[in-house]
Amino acid sequence: GCSSTGSFNEGDTYTVATDNSYVPFEFIEDGELVGFDIELVELIAEEANFEVEFEQMEFSGILAGMETSRYDLGIAGITITEDRAENIDFSQPYYEAGLTLAVLEGNEDIESIDDLTESTSVSTRSSSTSQSYLEDNTDADIEAYPEITEAYQALLQGHVEAVLYDVPNVEFYSQSDANGEIVRVGERLTGEDYGIAFPKDSELRDVVDEALTTLKENGRFDELYEKWFGESE
Amino acid sequence: MLESIQIAMPYLLEGLKYTLIITVVGISLGCVIGTIFGLMRTSKSKILYGIASIYIELVRGTPMLAQIFFLHFGLPQLLGINLDKMLTANIIIALNSGAYIAEIVRGGIESVDKGQMEAGRSLGFNSSQTMRYIIWPQALKLMIPPFGNQFVISLKDTSLLSAIAVGELMYQGRQVASSNVIYFDVYLIVCVMYLMITIPISLLLRRVERRLERS
Amino acid sequence: MLESIQIAMPYLLEGLKYTLIITVVGISLGCVIGTIFGLMRTSKSKILYGIASIYIELVRGTPMLAQIFFLHFGLPQLLGINLDKMLTANIIIALNSGAYIAEIVRGGIESVDKGQMEAGRSLGFNSSQTMRYIIWPQALKLMIPPFGNQFVISLKDTSLLSAIAVGELMYQGRQVASSNVIYFDVYLIVCVMYLMITIPISLLLRRVERRLERS
Amino acid sequence: MTKMIDVQNLHKSFGPNEVLKGITTSVSEKEVVCVIGPSGSGKSTFLRCLNVLEDITEGDVYIEGINLTDSTTNINELRTNVGMVFQHFNLFPHKTVLENIMMAPHIIRKTEKKEAQEKARQLLSKVGLSDKESVYPSSLSGGQKQRVAIARALAMNPKIMLFDEPTSALDPELVGDVLEVMKDLAKEGMTMVVVTHEMGFAKEVGDRVFFMDDGRIVEEGSPTDLFDHPKHERTQAFLSKVL
Amino acid sequence: MTKMIDVQNLHKSFGPNEVLKGITTSVSEKEVVCVIGPSGSGKSTFLRCLNVLEDITEGDVYIEGINLTDSTTNINELRTNVGMVFQHFNLFPHKTVLENIMMAPHIIRKTEKKEAQEKARQLLSKVGLSDKESVYPSSLSGGQKQRVAIARALAMNPKIMLFDEPTSALDPELVGDVLEVMKDLAKEGMTMVVVTHEMGFAKEVGDRVFFMDDGRIVEEGSPTDLFDHPKHERTQAFLSKVL
Ligand SMILES: Nc1ncnc2c1ncn2[C@@H]1O[C@H](COP(=O)(O)OP(=O)(O)OP(=O)(O)O)[C@@H](O)[C@H]1O
Ligand SMILES: Nc1ncnc2c1ncn2[C@@H]1O[C@H](COP(=O)(O)OP(=O)(O)OP(=O)(O)O)[C@@H](O)[C@H]1O
Ligand SMILES: NC(=O)CC[C@H](N)C(=O)O
Ligand SMILES: [Mg+2]
Ligand SMILES: [Mg+2]
């Protein structure tokens, strides 16, 4: 059972809110939910001696689920931001990402974020840091889709001229599903540290944080990192 | 297309199962709610009538998607309780079908010829006996076509639950379509799967309606 | 709550504007479509009847959300053409309201007493004159209540367009709610805003209906 | 003669519209009263008040000495003593002919099913429809429906029968059978109040005729008196149009 | 005498159900024919075939020598020569009384509005309803409605008038006015076919009476012959019930 009070007991099962269309962190392959985040949480659970149960949902639902204490923890490449930290607790960072712009192969009009004008439409995902970035730093017309894959699809089909999203995801997606039809342009914008999310004042956070430290120290974290991303920098 | 079917079918069938479960459970509860509130809407008591009217207007006046988000994200924020997703799903379908079924019940009862009530009362039946033995059986028959229609509507309505990741047919379709980048094929298959349930129902209804008209 | 209103209102009002525009444009097109297909459904020609029936069954047998995804993601994938989002929005509302309005039109025409057609024909009106001068004006009157009802339904249906980021009321609500973490307040305000349009319409309809019943 | 029905200063309004404007009269046991009068004069309303199908606005109605307007009177009980036959039959379409007739005794009086059936069959044979017991009302002609409706009302052994234009929805050649059944009833001594346009029936069977106009009984008398020597000019005007 | 209506071996089926089983007869100019017979015998269907409101299954119907079943015949044109009055009036509820009457001449014959109005007013005064020209049908009594319906049919100057039980939906005291209007029409020399249960009218006004049963004209003759000395046993049986 999931304890809504945020207390921790060894051996209990905790519900993990996650995404399922965010390569390579959590996505579906051959019907299974797989990805770096998924394996990381499983490692942590093993280390800290608790069980996990995944629930897949829209990204905005994960954040809302944390804010309303609906789930025990959330992992979905969630960027740690000051705004979010007001309503959500985070573990220590476990991955450093950043945002990048992507356009269709052959588009020469947009080469950097500065080329986005009022008349450019850019798609991204609802409630993501990319959406806030676009709102705060550009005048572009933003289309925020519930799923990032739908945002890419909007680009592929010409509904929009660009997508703004997290670097690792753009790179993986453009190579895999988009067959190279989508390309990154411009430099990496802002740093993005991913953390595991918890409802405010959850006891689970310290437990997970501690396990994460252990995994980083004993090398199992690096092993996992290399499996998914190659040599760590 | 064949390949798409191969990839998508297992998920879609799983989704269909949930779609059907939620529809059937939701609409069964909706029948109970609808019967109660529908009877209240035919009641002479202004209070009962008023309560039923408020319920019906609130539900029918707001988009189901807004209700879903309100129930799933809004209420927990205020009350601190979280409803299970499947429970939310059933409540949403029950509340909505209930409001429409209430109007179907009211309509059915009001469509029974006034003379039936008078004939019953003049024989000495009291008003609840007249309702039970004379009005209700006839109203029930008139309610079959709109009820079938409501079943189709509720079935389609479950698709909105994909917004809160209830694993029904539409949700599975969205997931498969986007994770395999086969939008055309998958959404076509999804539509066909819905049609495979809705069309037979509506053909059946047409026949029932024609039979009712003749009698 | 006051603070929430302050934060959310500018966005929600912007959304409401789109909601109203899409509803009005969509349902206006829907009236044209509905009248044509509704007349086809009363036609003696099996072909016209058949075409209209297929359109109506397809639209009414599939969830609008599936249609939206099919039109927005599916068709472009196959055909390589892609529709402007607002155009998609209007097409979706027009196609759906059109199918329902077609049934309203058919129902309206069929509800006019058969004797009216006979009286017209026996005076020497040809069939299109009888339709135009005698049946249609009466049918139109009978169509007002279900049409008003359809307006409310279409208005609520626009909320589904939030799934493809059309900036109507529901979309704005979802954005504001999640970016400011005020789910309860925002979804409540969104519901109230819908109710502020739908309730007056349904009250008005109730009055029109009662007037029609009396006459 | 006992007064079966006694009406004292009966008023009935629908909202601001006064439809019965003070009716005082009585009907004795075994008497057959026919009520005639122009459309809208309140004939149906008068009849319906005798059975409390309409609430009484003012005045008193006594059935066998029991005051209908008394709040302690059990109206449902009382109605079982007063049978009513409507212009449009109002048979229960979801029940067979036999079920239509046995339903009230079975459910209200808790008569055993068998006994109720037997009684229903007797009544069906009385109205000449024994062969129709298991068909549904929709397959009967108008005249047959009305005879079943009469049998249904008789199943509760009422002491009074009220008829509201029982033949005016019937094709002319079907009227006779229904009137025949009603004449038999009258002969058996049933107390009857019949709203009707069938002057022939009124003359032959009626003990008394009421002429109603504008919510009042304008004139009453024996059929011969009233039809052949109407005193009131409104009666004369009406009869001149109808006869 | 010219034959206004000539019917040759008229058959009419609804699906497998043959309703008219071969009718051969004719109606002369200025003749008034009354059609009687039991319910379901095909009286309405016969009348409706004369106006092609029902497609004719077999046989021929000539109106003023023009064959209705001929595909070159302009049915709409022809219908303007044949007025029809229905049991349930079928007035146009969304038009005032005057508009009901002037509509057909104005739209079909393109008569000037003023002229059509004038004609309509004349007809209204003929049926005794001049004061009702600007009210809507819903506020008329049944008898008034039927008189407006007659005026409406007359507005096209038809040479033949068909009546389908014009008084059977009326309260008894309202029947007289309508029959009066019809008698006037007959006196003016209108060719009329009237399905009716009003035997008094048939006797007084009818030149000939048809008795229909089971889709055939079983017997025809002058009212006195047919009513007083019916030859056919089915006619006798019917009349014994109705008279
Ligand atoms: N439920 C009602 N509500 C309002 N007015 C009513 C109601 N029932 C009857 N009336 C009015 O009461 C008056 C008398 O009606 P009632 O039916 O008693 O007349 P009637 O003599 O039976 O006429 P008819 O011969 O047409 O049946 C009419 O003016 C009618 O409009
Ligand atoms: N449109 C129709 N479709 C099928 N059957 C019909 C139709 N119209 C009439 N009938 C049948 O044709 C037969 C004759 O009907 P019709 O209306 O001509 O009789 P009628 O003599 O006018 O009877 P009534 O006195 O009851 O008006 C009836 O059995 C009727 O059921
Ligand atoms: N799962 C995701 O789409 C991650 C989005 C992004 N890193 C954010 O936190 O906003
Ligand atoms: Mg009456
Ligand atoms: Mg007829």
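Residues numbered from 1 in each chain as written. Chains lettered and ligands numbered in written order. Predicted model: local features only at pLDDT ≥ 70, side-chain atom pairs only at ≥ 80, totals over all residues. Heavy atoms only, no water.

- An unreviewed UniProt entry annotates chain B as Glutamine transport system permease protein originating from Alkalicoccobacillus murimartini.
- Recorded in UniProt under Sequence similarities (unreviewed entry), the annotation for chain B is "Belongs to the binding-protein-dependent transport system permease family. HisMQ subfamily."
- Comment text from UniProt for chain B, heading Subcellular location (unreviewed entry), reads "Cell membrane". (UniProt positions renumbered as here; feature names shortened; annotations may be inferred.)

Quick notes on the overall build of chain D
Thinking step 1. A count of helices and strands for chain D gives 9 helices and 10 strands.
Thinking step 2. The C-alpha atoms of chain D give a radius of gyration of 18 Å, which matches the 18 Å a tight globule of 243 residues would have.
Thinking step 3. Along the three orthogonal principal directions, the C-alpha set of chain D runs to about 55 × 45 × 35 Å.
Thinking step 4. Across the 243 residues of chain D, 57% fall into the buried class.
Thinking step 5. Here the contacts in chain D between residues at least 6 apart in sequence split such that 65% fall between residues at least 24 apart.
Thinking step 6. Per element, the accessible surface of chain D, about 10200 Å² overall, is 44% carbon and sulfur. (Helix = DSSP H or I, 4+ residues; strand = E, 2+ residues; numbered from the N terminus. Rg over C-alpha atoms; globule rule 2.2 N^0.38 Å. Buried < 20%, exposed > 50% of the residue type's maximum accessible area, 1.4 Å probe, protein only. Contact = heavy atoms within 4.5 Å. Areas by Shrake-Rupley, 256 points an atom, 1.4 Å probe, with all protein chains shown as cover.)

With respect to the overall build of chain B
Thinking step 1. On a plain count of helices and strands, chain B comes out with 8 helices and 0 strands.
Thinking step 2. For chain B, the succession of helices and strands along the chain, N to C, is α-α-α-α-α-α-α-α.
Thinking step 3. In terms of its C-alpha atoms, chain B occupies a principal-axis envelope of roughly 70 × 50 × 20 Å.
Thinking step 4. Taking all 215 residues of chain B together, 55% fall into the buried category.

Description of a negative patch on the surface
All names here are of chain A.
Thinking step 1. Together, Glu 82, Asp 83, Glu 86, Glu 135 and Asp 136 make up a region of like negative charge exposed at the surface.
Thinking step 2. The residue Asp 83 is located in helix H3 (residues 82-85) in this model.
Thinking step 3. Owing to a relative accessible area of 59%, Asp 83 belongs among the exposed residues under this scheme. (Patch = residues over 30% accessible without salt bridge, like charges linked within 9 Å, V, L, I, M, F, W, Y side chains within 5 Å. Salt bridge = Lys/Arg side-chain N within 4 Å of Asp/Glu carboxyl O. Lys, Arg positive; Asp, Glu negative; His and termini not counted. Charge placed at Lys NZ, Arg CZ, Asp CG, Glu CD.)

Some thoughts on unusual backbone geometry
All names here are of chain A.
Thinking step 1. Note that the residue after Val 23, namely Pro 24, is joined by a cis bond; omega there is -5 degrees.
Thinking step 2. On the secondary structure map, Pro 24 appears in the loop between strand S2 (21-22) and strand S3 (26-29).
Thinking step 3. With a phi angle near 55 degrees, Thr 190 is a residue other than glycine that sits in the positive phi range.
Thinking step 4. Structurally, Thr 190 can be placed in strand S12 (residues 182-194).

What about the packing of aromatic side chains?
Within a pair of aromatic rings, the relevant descriptors are the distance that separates the centres and the angle that separates the planes.
Thinking step 1. Across all of its chains, the model carries 37 aromatic pairs over all chains by this definition.
Thinking step 2. Measuring from centroid to centroid gives 5.3 Å for Tyr187(B) and Phe69(C), while their planes differ by 15 degrees, and the two rings are stacked. With Tyr187(B) in helix H8 (residues 183-214) and Phe69(C) in helix H3 (residues 64-79), this residue pair bridges two chains. This pair shows no difference in class: Tyr187(B) is buried, exactly as Phe69(C) is.
Thinking step 3. Arranged with centres 5.4 Å apart and planes meeting at 40 degrees, the rings of Phe211(D) and Phe238(D) form a pair that is tilted. (Phe/Tyr/Trp six-rings, centres within 6.5 Å; stacked < 30°, edge-to-face > 60°.)

Observations concerning the interface of chain A and chain C
Buried accessible area, meaning the area lost when the parts come together, often serves as the stated size of an interface.
Thinking step 1. Each side of the interface is counted separately: chain A has 20 residues, and chain C has 17 residues.
Thinking step 2. At the boundary of chain A with chain C, total buried surface from both sides reaches about 1400 Å², with 46% on carbon and sulfur atoms.
Thinking step 3. Taken together, chain A and chain C are joined by 2 salt bridges.
Thinking step 4. Between Glu58(A) and Arg174(C) there is a salt bridge, and its shortest N-O distance comes to 3.3 Å. (Buried area = accessible area lost by both parts, 1.4 Å probe.)

Examining the interface of chain B and chain C
Thinking step 1. Contact residues are listed per partner, giving 40 residues for chain B and 40 residues for chain C.
Thinking step 2. Around 3500 Å² of area is buried between chain B and chain C when both sides are counted, 69% of it from carbon and sulfur atoms.
Thinking step 3. In this assembly, chain B and chain C are joined by 2 salt bridges.
Thinking step 4. Of the charged contacts, one joins Glu57(C) and Arg206(B) as a salt bridge, the two residues approaching to 2.6 Å between their closest N and O atoms.
Thinking step 5. Between the two partners, chain B and chain C, sit 16 residue pairs in polar contact (both at pLDDT 80 or more).
Thinking step 6. Elements represented by at least two residues in the side of chain B that touches chain C include exactly helix H2 (46-61), helix H3 (64-79), helix H6 (127-157), helix H7 (169-180) and H8 of chain B.
Thinking step 7. The leading source of residues in the side of chain B that touches chain C is H8(B), at 12 residues. (Polar contact = N/O pair within 3.5 Å; in protein donor to acceptor, adjacent residues only side chain to side chain.)

Quick notes on the side chain of Thr111(E)
All names here are of chain E.
Thinking step 1. Note that Thr 111 resides in the loop between helix H3 (97-108) and helix H4 (113-126).
Thinking step 2. On the accessibility criterion, Thr 111 (18% relative accessible area) is buried.
Thinking step 3. Not counting residues up to four positions away in its chain, the partners in contact with Thr 111 are Pro 105, His 106 and Ala 116.

Things to note about the packing of helix H2 (residues 46-61) of chain C against helix H4 (residues 85-111) of chain C
Residues and elements named next belong to chain C.
Thinking step 1. Here H2 crosses H4 at 120 degrees, and the two axes come no closer than 9 Å. When the axis of H2 is compared with that of H4, the two are oblique. For the crossing formed where H2 meets H4, the hand is left-handed. Residues Tyr 55, Ile 56, Val 59 and Arg 60 of H2 lie in contact with H4, whose contacting residues are Ala 94, Leu 95, Asn 96, Gly 98, Ala 99, Tyr 100, Ala 102 and Glu 103.
Thinking step 2. Tallied by class, residues from the contact of H2 with H4 come to 8 nonpolar, 2 polar and 2 charged. (Axes fitted to C-alpha atoms, helices over the stretch in contact; angles between N-to-C directions. Parallel < 35°, antiparallel > 145°, perpendicular 65-115°, else oblique. Left-handed = near helix turned anticlockwise from the far one by under 90°. Nonpolar A, V, L, I, M, F, W, Y, C, P; charged D, E, K, R; others polar.)

Examining the sheet that holds strand S1 (residues 3-14) of chain D
The pairing of strands in a sheet comes from backbone hydrogen bonds and takes either a parallel or an antiparallel form.
All names here are of chain D.
Thinking step 1. Spatially, S2-S1-S4-S5 is the arrangement adopted by the 4 strands of the open sheet, whose pairing is antiparallel. Bordering the open sheet on either side are strand S2 (17-28) and strand S5 (66-67), each of which pairs with just one other strand.
Thinking step 2. One ladder, built from 2 bridges, connects strand S4 (residues 58-63) with S5; its direction is antiparallel. Residue pairing for S5: Ile 63 is matched across the bridge by Ile 66.
Thinking step 3. Sheet strands touched by helix H1 (residues 43-50): S1, S2 and S4. Its angle to S1, the strand with the most contacts, is close to 120 degrees. (Pairing = 2+ DSSP bridges.)

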